[in-house]
Amino acid sequence: QVQLVESGGGLVQAGGSLRLSCAASGRTFNIYAMGWFRQAPGKEREFVAGINRNGGNTNYFDSVKGRFTISRDNAKNTVYLQMNSLKPEDTAVYYCAATVAWNTRTVLTTGAQYDYWGQGTQVSVSS
């Protein structure tokens, strides 16, 4: 089992940047495919970005392509989400998720595919 703790959220003006971090417990971080999701008030949770076990493959929600970058450092048991050119519609609670991936190339894009979740971090973008 893995525990996930997000950090790095906050309030930023439109056009600004934030970097979210998700620290994972345990010594086998490199067996997990990782993802970021978000949920805005009154809306369903949506996929933001995913990354495979070694960081070589990624996938993004269309609305964040070219603005957000997911990466991971397996030596530090951490996955990151660099968010640039933020828009008010990016305002949400952002969640980190993990699941064991037997295929090293796997990038998962739906919430049901993930077994472990962090507590979330709030990102607010003002216009």
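Parameters at a glance
- Residues numbered from 1 in each chain as written.
- Predicted model: local features only at pLDDT ≥ 70, side-chain atom pairs only at ≥ 80, totals over all residues.
- Heavy atoms only, no water.
- Core = buried A, V, L, I, M, F, W, Y, C linked by side-chain atoms within 4.5 Å.
- Buried < 20%, exposed > 50% of the residue type's maximum accessible area, 1.4 Å probe, protein only.
- Helix = DSSP H or I, 4+ residues; strand = E, 2+ residues; numbered from the N terminus.
- Contact = heavy atoms within 4.5 Å.
- Disulfide = S-S within 2.5 Å.
- Pairing = 2+ DSSP bridges.
- Axes fitted to C-alpha atoms, helices over the stretch in contact; angles between N-to-C directions.
- Salt bridge = Lys/Arg side-chain N within 4 Å of Asp/Glu carboxyl O.

1. Describing the nonpolar core
Consideration 1: Counting 29 residues, the largest nonpolar core has Met34, Trp36, Val79, Leu81, Met83 and Tyr94 as the members making the most contacts within it.
Consideration 2: Secondary-structure elements contributing two or more residues to this core are β3 (18-24), β4 (32-39), β5 (46-51), β7 (68-73), β8 (78-83), β9 (92-100) and β11 (121-126).
Consideration 3: Every residue in contact with Leu81, bar those within four places of it in the chain, is listed here: Leu18, Arg19, Leu20, Trp36, Val48, Ala49, Phe68, Thr69, Ile70 and Tyr94.
Consideration 4: Phe37, Ala97, Ala101 and Tyr114 belong to the second-largest nonpolar core, a separate cluster that totals 7 residues.

2. Things to note about the state of the cysteines
Consideration 1: Enumeration according to the criterion identifies 1 disulfide in this entry.
Consideration 2: Each disulfide pairs two cysteine sulfurs, and for Cys22 the partner residue is Cys96, the sulfurs being separated by 2.1 Å. Given an S-S torsion of about -75°, the disulfide between Cys22 and Cys96 has left-handed geometry. With Cys22 in strand β3 and Cys96 in strand β9, this residue pair connects regions lying 74 residues apart in the sequence.

3. Side note on the sheet that holds β3
Either a parallel or an antiparallel arrangement is found when strands of a sheet pair, and the pairing is made through backbone hydrogen bonds.
Consideration 1: The 4 strands lie next to each other as β1-β3-β8-β7, forming an open sheet whose pairing is antiparallel. Only two strands of the sheet have a single neighbouring strand rather than two, namely β1 (4-7) and β7. Put simply, the sheet's adjacent strands are angled 15° from each other on average, direction ignored.

4. Here we look at the environment of Ala101
Consideration 1: Tracing the backbone through its elements, the reader meets Ala101 in the loop between β9 and β10 (116-117).
Consideration 2: Take Ala101: its relative accessible area is 4%, and that puts it in the buried class.

5. Some thoughts on the pattern of salt bridges
Consideration 1: Taken as a whole and assessed by the stated rule, the structure comprises 4 salt bridges.
Consideration 2: One salt bridge in this structure joins Asp90 and Arg38, with 3.0 Å as the shortest N-O distance. Here Asp90, found in the loop between β8 and β9, pairs with Arg38, found in strand β4; they are 52 residues apart in sequence, far enough to count as distant. Just as Asp90 is buried, Arg38 falls in that class too.
Consideration 3: Among the salt bridges present, the one from Arg67 reaches Asp90, with a minimum N-O distance of 2.7 Å. Here the residue Arg67 occupies a position in the loop between β6 (58-60) and β7, and Asp90 occupies one in the loop between β8 and β9, the gap between them amounting to 23 residues.
Consideration 4: The exposure class assigned to Arg67 is buried, which follows from its relative accessible area of 9%.

6. A look at unusual backbone geometry
Consideration 1: Notably, Asn77 is not glycine yet its phi reads approximately 55°, a positive angle.
Consideration 2: Counting through the fold element by element, Asn77 comes out in the loop between β7 and β8.
Consideration 3: A relative accessible area of 15% means that Asn77 is categorised as buried.
Consideration 4: With phi around 50°, Ser85 is a residue other than glycine that occupies positive phi space.
Consideration 5: As for its position among the elements, Ser85 is in the loop between β8 and β9.

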